Amino acid sequence: MIRSILRALPSRCQLCHQRLDEDPGPWCRVCRDCLPNSSRCECCGLTCGADTDICGACLNDKPEWDKLFCAADYDFPMNTLLHDFKYRGKFWLAEPLTSLLSEKITQPADLLLPVPMHWQRRFFRGYNQSALLTRSLAKMLKTKWCPDVIKRIKATPAQRGLKRSQRLSNLASAFEVRNDVLPPHIAIVDDVVTTGSTVSILCQLLRQQGAQRIDVYCLCRTAKYRDI
């Protein structure tokens, strides 16, 4: 019903709100050109002077995951789009947002897993944004996804504004992984990776279940984070 109503309304750019008479997609050509395309380290996903398999920082301290793919930094205009997607009920943005991410992934994982949301938070928000992204991305990449391999069993305070050490403490014993037989190559899907504390804990749990290669697919990566 809602999708039918949306299709009947004049299409407008989700950023500048101008009418989309000829430009395809959820944003106009001008706003689409504002979306950055930076060179990144394939391991941590942070921007570099050139595309590289692994940056110097990852050589010294490799993340728990193998590779991280993201569409852009958490900056304008992506931060605006993500805020609308997560907090203003614009769930229909999942498909156009994941289309930006799918362009970066050349060897999709055999199974995509969303970062789970505690049932209380999901009740108030109405949906788990990571699950919507995972479902859309799996369809585009022609691979499988499962919403309940990882379960959040503990409600924790919001991570925003916390240092990495505080985030790790906050997430202690917050997740559990079903005792499933996992394929050798899986990927965790989330909207934003900041310190990487959430996906690091999930990687540890998944490796205990036999996962061999774990990638992270996220829409945005924040700039280098200092735990001070």
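Okay, so let's go over this structure. (Residues numbered from 1 in each chain as written. Predicted model: local features only at pLDDT ≥ 70, side-chain atom pairs only at ≥ 80, totals over all residues. Heavy atoms only, no water.)

1. Considerations on the pairing of strand 7 (residues 213–221)
Counted residue by residue, strand 7 has eight buried out of nine residues, so it is predominantly covered. Here strand 1 (residues 67–73) pairs with strand 7 via six bridges, running parallel. By the bridge assignment for strand 7, Lys67 is matched with Asp215. Relative to strand 7, strand 6 (residues 185–193) runs parallel, the two sharing eight bridges. Among the inter-strand pairings, Asp190 is bridged to a residue of strand 7, identified as Cys218. Traced from strand 6 through helix 9 (residues 197–208) to strand 7, the parallel crossover comes out right-handed. (Buried < 20%, exposed > 50% of the residue type's maximum accessible area, 1.4 Å probe, protein only. Helix = DSSP H or I, 4+ residues; strand = E, 2+ residues; numbered from the N terminus. Pairing = 2+ DSSP bridges. Right-handed = clockwise from strand over helix to strand, strands pointing away.)

2. Observations regarding the environment of Asp215
Position of Asp215 among the secondary structure elements: in strand 7. Overall, Asp215 belongs to the buried group, its relative accessible area being 0%. Once residues lying within four places of it in the same chain are set aside, the contact partners of Asp215 are Asp66, Lys67, Phe69, His185, Ile186, Ala187 and Ile188. (Contact = heavy atoms within 4.5 Å.)

3. Details of the nonpolar core
In this structure, Met78, Leu97, Leu112 and Tyr217 are the most contacted members of the largest nonpolar core, which totals 34 residues. Mapped by element, the contributors of at least two residues to this core are strand 1, helix 4 (78–87), helix 5 (94–102), helix 7 (129–141), strand 6 and strand 7. If you tally residues by element for this core, the top one is helix 7, at five residues. Ignoring any residue separated from it by four or fewer positions in sequence, one finds Met78 in contact with Leu35, Ala71, Ala72, Asp73, Leu97, Leu100, Leu219 and Cys220. In this structure, Val177, Ile188, Leu206 and Val216 belong to the second largest nonpolar core, which totals 25 residues. (Core = buried A, V, L, I, M, F, W, Y, C linked by side-chain atoms within 4.5 Å.)

4. Brief notes about the side chain of Arg40
With respect to the secondary-structure elements, Arg40 resides in the loop between helix 2 (29–34) and helix 3 (56–60). Taking relative accessible area as the criterion, Arg40 reaches 11% and is therefore assigned buried. There is a polar contact of 3.0 Å between the side chain of Arg40 and the side chain of Asp73. With near-sequence residues (within four places) excluded, Arg40 lies in contact with Gly45, Leu46, Thr47, Cys48, Ala50, Asp51, Thr52, Cys70, Ala72, Asp73 and Arg221. (Polar contact = N/O pair within 3.5 Å; in protein donor to acceptor, adjacent residues only side chain to side chain.)

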